[in-house]
Amino acid sequence: MKRAAYDGNVPIQYGSAMPATSRPATILEVARDAGVSKTSVSRYYSGERERLSASMQQRIAHAAERLGYQPNPMARGLKGGPSGWSACWSPISAIPFRWR
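Residues numbered from 1 in each chain as written. Predicted model: local features only at pLDDT ≥ 70, side-chain atom pairs only at ≥ 80, totals over all residues. Heavy atoms only, no water.

Draft legend 1. Local environment of the packing of aromatic side chains. Summed over all chains, the structure comprises two aromatic pairs. With 5.0 Å between their ring centres and 80 degrees between their planes, Tyr44 and Tyr45 make a pair best called edge-to-face. Taking relative accessible area as the criterion, Tyr45 reaches 22% and is therefore assigned partly exposed. Grouped by ring-pair contacts, the aromatic residues Tyr44, Tyr45 and Tyr69 constitute a single cluster. (Phe/Tyr/Trp six-rings, centres within 6.5 Å; stacked < 30°, edge-to-face > 60°. Buried < 20%, exposed > 50% of the residue type's maximum accessible area, 1.4 Å probe, protein only.)

Draft legend 2. Up close: the packing of helix H2 (residues 38-45) against helix H3 (residues 54-67). Running from amino to carboxyl end, H2 crosses H3 at an angle of 90 degrees, the nearest separation of the two axes being 10 Å. Relative to H3, the element H2 lies roughly perpendicular. Of H3, the residues touching H2 (which contributes Ser40, Val41, Tyr44 and Tyr45) are Met56, Gln57, Ile60, Ala61 and Ala64. (Axes fitted to C-alpha atoms, helices over the stretch in contact; angles between N-to-C directions. Helix = DSSP H or I, 4+ residues; strand = E, 2+ residues; numbered from the N terminus. Parallel < 35°, antiparallel > 145°, perpendicular 65-115°, else oblique. Contact = heavy atoms within 4.5 Å.)

Draft legend 3. Representation of the pattern of salt bridges within the structure. Enumeration according to the criterion identifies four salt bridges in this entry. With a shortest N-O distance of 2.8 Å, Glu29 and Arg23 are connected by a salt bridge. Using a relative accessible area of 7% as the deciding quantity, one classes Glu29 as buried. Ionic pairing is found between Asp33 and Arg66, a salt bridge with its closest N-O pair at 2.6 Å. With Asp33 in helix H1 (residues 27-34) and Arg66 in helix H3, this pair connects stretches of sequence that are 33 residues apart. Overlapping salt bridges bring together Arg43, Glu48 and Arg51 as one network. (Salt bridge = Lys/Arg side-chain N within 4 Å of Asp/Glu carboxyl O.)

Draft legend 4. Fine view of H1. Looking at H1, one finds that the buried residues are Glu29, Val30, Ala31, Asp33 and Ala34. Where the residues of H1 are buried, they touch H2 and H3. Taken from the residues just after H1, Gly35 is the one with a positive phi, measuring 75 degrees.

None of the figures reported here should be taken as evidence of function without further support.
As structure tokens, this is what we get:
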């Protein structure tokens, strides 16, 4: 079942009692609004746009703009590859001591 496109007058909600403005839009919401698959939206934002038709790219861009979708850089970092974050743990830091 295809959902009607968002007309800009009523907050779009998919199976949620929360107002659409209380949380960021998701890839799934963009996909439903554009009438494409979640994979197509993911390809659009991951740099594989050559695999999508021009009309599909335009529908995704318009749906994302209407819904205010912003890709989450932290979520993208979970996929793998360099995230720009680093961590360090040392067993010495777990031993309490006093500077004199």
